[in-house]
Amino acid sequence: MSDRDPSPPAQKFVRAAREGAGPADPSLPRPRPRPRAAHPLFELRWRRALREIEGPLHRLYAPAHDVDALLGRMRDLLYAHWRARPQDLRALDLERDVDPEWFLSERMAGYVCYVDRFAGTFRDLPDRIPYLRTLGITYLHLMPCLLPRPGDSDGGYAVMDYTETDPRLGSIDDLEAAARTLRANGISLCIDLVLNHTAREHRWAEAARADDPHYRAFYRLFEDDTLPRRYAETLPDIFPAQAPGSFTWEPTMGRWVWTTFNTFQWDLNWENPEVLLAFLDIIMTLANRGVEVFRLDAVAFLWKRLGTTCQNLPEVHDLLQILVQATRAAAPAVIHKAEAIVGPRDLVAYLGQGRHEGRVCQLAYHNSLMVQAWSSLAARDTRLMTHVLGRHFPEGFRRATWVTYLRCHDDIGWAITDEDAAGIPDLSAPAHRAFLADFYNGSFPGSFARGEDFQPDPVTGDRRTNGTLASLAGLEVALESGETGRIDDAVARILMLHALIAVHGGIPLVFMGDEIGLLNDPSFRSDPHLAADGRWLHRPRMDWVALEEGLSQPDSPAARIAAGLRTILAARAACPSLAGHVPTRVVDLGDRALFSVLRPHEAVPVLGLFNFTEHPALVPAGRLPIGTGPWHDRLWGGTVEAPEGRLDLPPYAARWLAPAG
Ligand code: GLC
């Protein structure tokens, strides 16, 4: 199958012929057409999916579209892919149907990389598997690898063909072979699926420009700027500096095109169910090649409504429910991860709230944890973090969990709302956002960070931040100073942050290079296709020679970070209390230097304890919700005691305490 149209509207149903039934009474609800019998296993799964899909389909597409006909086409499409599904993947389907919470395991740990910058090509990837295994990785997210438009492709997020790969990385068969080898080594493959837009050069967009009405309806086009202007009144700018506005005039068509991101990324019209069917076809095509996790890119933007920000609309969750549950009908081994970089209030819904509970994406990025961790580190004050994480986030989800991370390929947007700041005396949200941008671009007096501003917004005055984990956490400045104490602090900060995301519920992700403290890489500025996008600052190439050199000197920062991270991930894998089904409870210890999170496992509760400052802290043992000691440190090992009722926590220390004995 390719990403051509999914099965045509041909009706493949046979009506239920009831013996002796008289002529149908037109006042009765129309009987559901009964499809031709499929394989019994598929039938069972399709019936399970139907219960979850019908409601959202009706809400989104009736009465403008015939929902029964849509369901019929969806079933045919899924069945065709199910039949084509390779045997080994069908075996994995069975395994995960029996254990649908497999991804909640404490053994899950992710790594994120660009294929070319990490390994070279898909064919070279297997050579790097031993390295990933030593780190304890069980999940590999390959940054965009489907066929991008030529030239600037927003780092591969402007896709020309979803069923072909970027030839510089290899063929789709090579990707499939790499997926198989990864799977054989216990590593699940995750790739990006860009749902909100295609490249302007995608076949669908070309057909739209050639006046094909079927494909014109795939996009959001406007004959004049009346509606775009009205929408624009409430739309925020995503790239205010490099691509201001959300609409682009397309002279070849004489129409405005909705382009939320760059002018060459055409927003799809998800109000058209043909788009939904086309993407189900793509998902299944790639799933049958061995993709186990789809990172659903920019999902917050999928549905648009006049007078809103066109983000996080309730319809998005209905759409996600359909995509997730339909995939489950034909490929239960596959799960979906929502990339919704939105404020705390909107974020939770992506893991299932209300009627979507347990039915939408199994994974979502914990953007708030990331932002708050950096905020606490700069301010040496965890009050906002404790407030936001303790207040807005449930302790757990039904059959879903976070991916936790410290950095990704994107900038950090300082998503701190007025409402959140109001919870902390004397804190102003705009002032705190400005402080964080200044702190992390290094201009704030005494800052340890070395990053850069990204997309300053002339309207709001907000700035976002680029930089690698190590550079933002102080290693770059410390190495320049040559001062041991500063280097030690930077290494301690990096390890504390890794220990935080590994003890918090979810799958911790390591962004390529962070495991050895790679610094900012300004070389992108000399590449004309990359120079305009400052995010390349923190997408360095893996330097295997430097890595070997660094790792061969046990005292080097690279070796200390790598060894520390290996210990952290191994400690996590050995601690069932950290599995995704165990709640994550934020504990307020009443000390702004400290952040604490409890994993209240019935047998072995574990308390993550973090000192976000360069000063030693004394923690009154009586405040800890796991007894007054002694404790076993599940992270670094050994017994921890509280002589005179106080536990000593060194600068930037991380502990995972469990009652001893
Ligand atoms: C996501 C990606 C980002 C990209 C955007 C548009 O947010 O992470 O890199 O620019 O989507 O596709």
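Nothing here was measured: the structure is a model prediction, and the numbers come from that model.

1. Some points on the overall build of the chain
(1) Moving on: Looking only at helices and strands, the chain has 21 helices and 27 strands in total.
(2) Moving on: Rg of the C-alpha trace for the chain: 25 Å, near the compact-globule value of 26 Å for 661 residues, within the 12% margin.
(3) Moving on: With the C-alpha coordinates of the chain rotated into their principal frame, the extents come out at 85 × 55 × 50 Å.
(4) Moving on: Within the chain, the fraction of its 661 residues that count as buried is 60%.
(5) Moving on: Considering only contacts within the chain whose residues lie at least 6 apart along the sequence, 72% involve residues at least 24 apart.
(6) Moving on: As displayed, the chain has an accessible area near 25500 Å², and 52% of this comes from carbon and sulfur atoms.
(7) Moving on: Within the chain, the 85 negative side-chain charges are centred at a point lying 5 Å from the centre of the 71 positive side-chain charges.

2. Details of the sheet that holds strand S4 (residues 139-142)
(1) Moving on: Spatial strand order, S3-S4-S7-S13-S14-S15-S16-S19: eight strands in a closed barrel with parallel pairing. Taking the axes of each pair of neighbouring strands and ignoring which way they run, one obtains an average angle of 25° across the sheet.
(2) Moving on: Relative to strand S7 (residues 188-194), S4 is paired through four bridges, and the arrangement is parallel. Within S7, the position partnered with tyrosine 139 by the bridge is serine 188.

3. Re the nonpolar core
(1) Moving on: Counting 205 residues, the largest nonpolar core has Met74, Tyr111, Phe118, Trp270, Trp374, Phe610 and Trp656 as its most contacted members.
(2) Moving on: In this structure, Leu594, Leu624, Ile626 and Ala642 belong to the second largest nonpolar core, which totals 19 residues.

4. Some points on the site of the ligand
(1) Moving on: As a structural note, the neighbourhood of the ligand is formed by 13 residues, with Asp154, Arg295, Asp297, His409 and Asp410 the closest of them.
(2) Moving on: Arginine 295 places a polar side-chain atom, nitrogen or oxygen, 2.9 Å from an oxygen atom of the ligand.
(3) Moving on: Residue histidine 409 places a side-chain N or O atom 2.9 Å away from an oxygen atom belonging to the ligand.
(4) Moving on: Protein chains bury 95% of the 310 Å² of accessible surface belonging to the ligand in isolation.
(5) Moving on: Tallied by class, the residues present in the shell around the ligand amount to four nonpolar, three polar and six charged.

5. Quick look at the packing of aromatic side chains
(1) Moving on: Applying the stated criterion across every chain yields a total of 35 aromatic pairs.
(2) Moving on: Seen from their ring centres, tryptophan 204 and phenylalanine 218 are 5.0 Å apart, and the 65° between their planes marks the pair as edge-to-face. One end of the pair, tryptophan 204, is in helix H7 (residues 203-209); the other, phenylalanine 218, is in the loop between helix H8 (213-216) and strand S9 (221-222), with 14 residues separating them in the sequence. Both residues of the pair, tryptophan 204 and phenylalanine 218, belong to the buried class.
(3) Moving on: An angle of 90° between the planes, with centres 5.4 Å apart, marks the rings of phenylalanine 397 and tryptophan 402 as edge-to-face. Exposure class is identical for phenylalanine 397 and tryptophan 402. Each is buried.
(4) Moving on: Three or more aromatic residues joined by ring pairs form one cluster here, namely Trp374, Trp414, Phe435, Phe439, Tyr440, Phe444 and Phe448.
(5) Moving on: Cation over ring: arginine 220 sits above tryptophan 258, and NZ or CZ is 5.8 Å from the ring centre.
(6) Moving on: In this arrangement the basic side chain of arginine 493 is found over the ring face of phenylalanine 448, its NZ or CZ atom lying 3.7 Å from the centre.

6. Let's talk about helix H20 (residues 544-552)
(1) Moving on: Within H20, the full set of buried residues consists of Trp544, Leu547 and Gly550. Taken end-on, H20 shows its buried residues confined to a sector of 120°, consistent with a single buried face. Seen from the buried face of H20, the exposed residues on the opposite side, beyond 90 degrees, are Val545, Glu548 and Ser552.
(2) Moving on: On the buried face of H20, the contacting elements are helix H4 (115-118), helix H5 (129-135) and helix H21 (557-573).

7. Digging into the state of the cysteines
(1) Moving on: Under the counting rule described, the total for this entry stands at zero disulfides.
(2) Moving on: Residue cysteine 145 stays outside any disulfide, its sulfur separated by 9.5 Å from that of cysteine 190, the closest cysteine.

8. Brief notes about the sheet that holds strand S10 (residues 247-250)
(1) Moving on: Reading across from one edge, S9-S11-S10 is the order of the three strands in this open sheet, with antiparallel pairing throughout. Looking at which strands have only one partner, the edges of the open sheet turn out to be S9 and S10.

9. Let's talk about the environment of alanine 109
(1) Moving on: Tracing the chain through its elements places alanine 109 in the loop between helix H3 (87-98) and strand S3 (110-113).
(2) Moving on: Separated by 286 residues in sequence, alanine 109 and glutamate 395 place their C-alpha atoms 20 Å apart.
(3) Moving on: In this view, alanine 109 contacts Gly136, Ile137, Thr138, Tyr139, Ile507, Pro508 and Leu569; residues no more than four positions away in its chain are not counted.

10. Topic: the confidence of the model for the chain
(1) Moving on: Chain-level pLDDT for the chain is 94 on average; 95% of the residues reach the 70-or-more range.
(2) Moving on: Predicted confidence for residues 1-24 stays below pLDDT 50, and this span has 41 contacts to residues more than four positions away or in other chains.

11. Here's the deal with the pattern of salt bridges
(1) Moving on: In the structure shown here, the tally under the stated rule is 45 salt bridges.
(2) Moving on: Salt-bridge contacts for arginine 289 lead to aspartate 173; the nearest nitrogen and oxygen are separated by 2.6 Å. You can see arginine 289 sitting in the loop between helix H10 (273-287) and strand S13 (293-297) and its partner aspartate 173 sitting in helix H6 (residues 172-184), a full 116 residues away along the chain.
(3) Moving on: Aspartate 173 sits in the partly exposed class, given a relative accessible area of 48%.

12. Topic: H6
(1) Moving on: Helix length check: H6, at 13 residues, gives a terminal C-alpha distance of 18 Å against a target of 18 Å (1.5 Å per residue), a fit within 8%.
(2) Moving on: Residues of H6 that are buried include every one of Ile172, Asp174, Leu175, Glu176, Ala178, Ala179, Leu182 and Arg183, and no others.
(3) Moving on: On its buried side, H6 packs onto H3, H5, S4, strand S6 (159-165), S7 and H10.
(4) Moving on: Glycine 186 sits one or two residues past H6 and shows a positive phi near 75°.

13. Notes on the pairing of strand S22 (residues 606-611)
(1) Moving on: Most of S22 is tucked away, with six of its six residues classed as buried.
(2) Moving on: Residues Val606, Gly608 and Phe610 line one face of S22 and the alternating positions Leu607, Leu609 and Asn611 line the opposite face, and both faces are buried.
(3) Moving on: In this structure, the hairpin formed by strand S21 (residues 594-599) and S22 is closed by a connection of six residues.
(4) Moving on: Relative to strand S27 (residues 654-659), S22 runs antiparallel, the two being bridged by four bridges.

14. With respect to unusual backbone geometry
(1) Moving on: Note the cis peptide between alanine 62 and proline 63, where omega equals -5°.
(2) Moving on: For proline 63, the position within the fold is in the loop between helix H1 (40-61) and helix H2 (67-84).
(3) Moving on: A cis geometry characterises the amide bond from glycine 629 onward to proline 630, with omega recorded as -5°.
(4) Moving on: Tracing the chain through its elements places proline 630 in the loop between strand S23 (617-620) and strand S24 (631-633).
(5) Moving on: Its identity as a non-glycine residue notwithstanding, aspartate 154 has a phi of 50°, on the positive side.

15. Section: the packing of helix H13 (residues 367-379) against helix H16 (residues 429-440)
(1) Moving on: It is at 10 Å that the axes of H13 and H16 come closest, and there the two elements cross at 75°. When the axis of H13 is compared with that of H16, the two are roughly perpendicular. Listed contacts from H16 to Trp374, Ser375, Leu377, Ala378 and Ala379 of H13 are His432, Phe435, Leu436, Phe439 and Tyr440.
(2) Moving on: Here the contact of H13 with H16 is built from residues that sort into eight nonpolar, two polar and no charged.

Quick notes on the rules
Residues numbered from 1 in each chain as written. Predicted model: local features only at pLDDT ≥ 70, side-chain atom pairs only at ≥ 80, totals over all residues. Heavy atoms only, no water. Helix = DSSP H or I, 4+ residues; strand = E, 2+ residues; numbered from the N terminus. Rg over C-alpha atoms; globule rule 2.2 N^0.38 Å. Buried < 20%, exposed > 50% of the residue type's maximum accessible area, 1.4 Å probe, protein only. Contact = heavy atoms within 4.5 Å. Areas by Shrake-Rupley, 256 points an atom, 1.4 Å probe, with all protein chains shown as cover. Lys, Arg positive; Asp, Glu negative; His and termini not counted. Charge placed at Lys NZ, Arg CZ, Asp CG, Glu CD. Pairing = 2+ DSSP bridges. Axes fitted to C-alpha atoms, helices over the stretch in contact; angles between N-to-C directions. Core = buried A, V, L, I, M, F, W, Y, C linked by side-chain atoms within 4.5 Å. Near = heavy atom within 4 Å. Polar contact = N/O pair within 3.5 Å; in protein donor to acceptor, adjacent residues only side chain to side chain. Nonpolar A, V, L, I, M, F, W, Y, C, P; charged D, E, K, R; others polar. Phe/Tyr/Trp six-rings, centres within 6.5 Å; stacked < 30°, edge-to-face > 60°. Lys NZ or Arg CZ within 6 Å of the ring centre and 35° of its normal. Arc of directions from axis to C-beta. Disulfide = S-S within 2.5 Å. pLDDT = per-residue confidence, 0-100. Salt bridge = Lys/Arg side-chain N within 4 Å of Asp/Glu carboxyl O. Expected span 1.5 Å × (residues − 1). Parallel < 35°, antiparallel > 145°, perpendicular 65-115°, else oblique.

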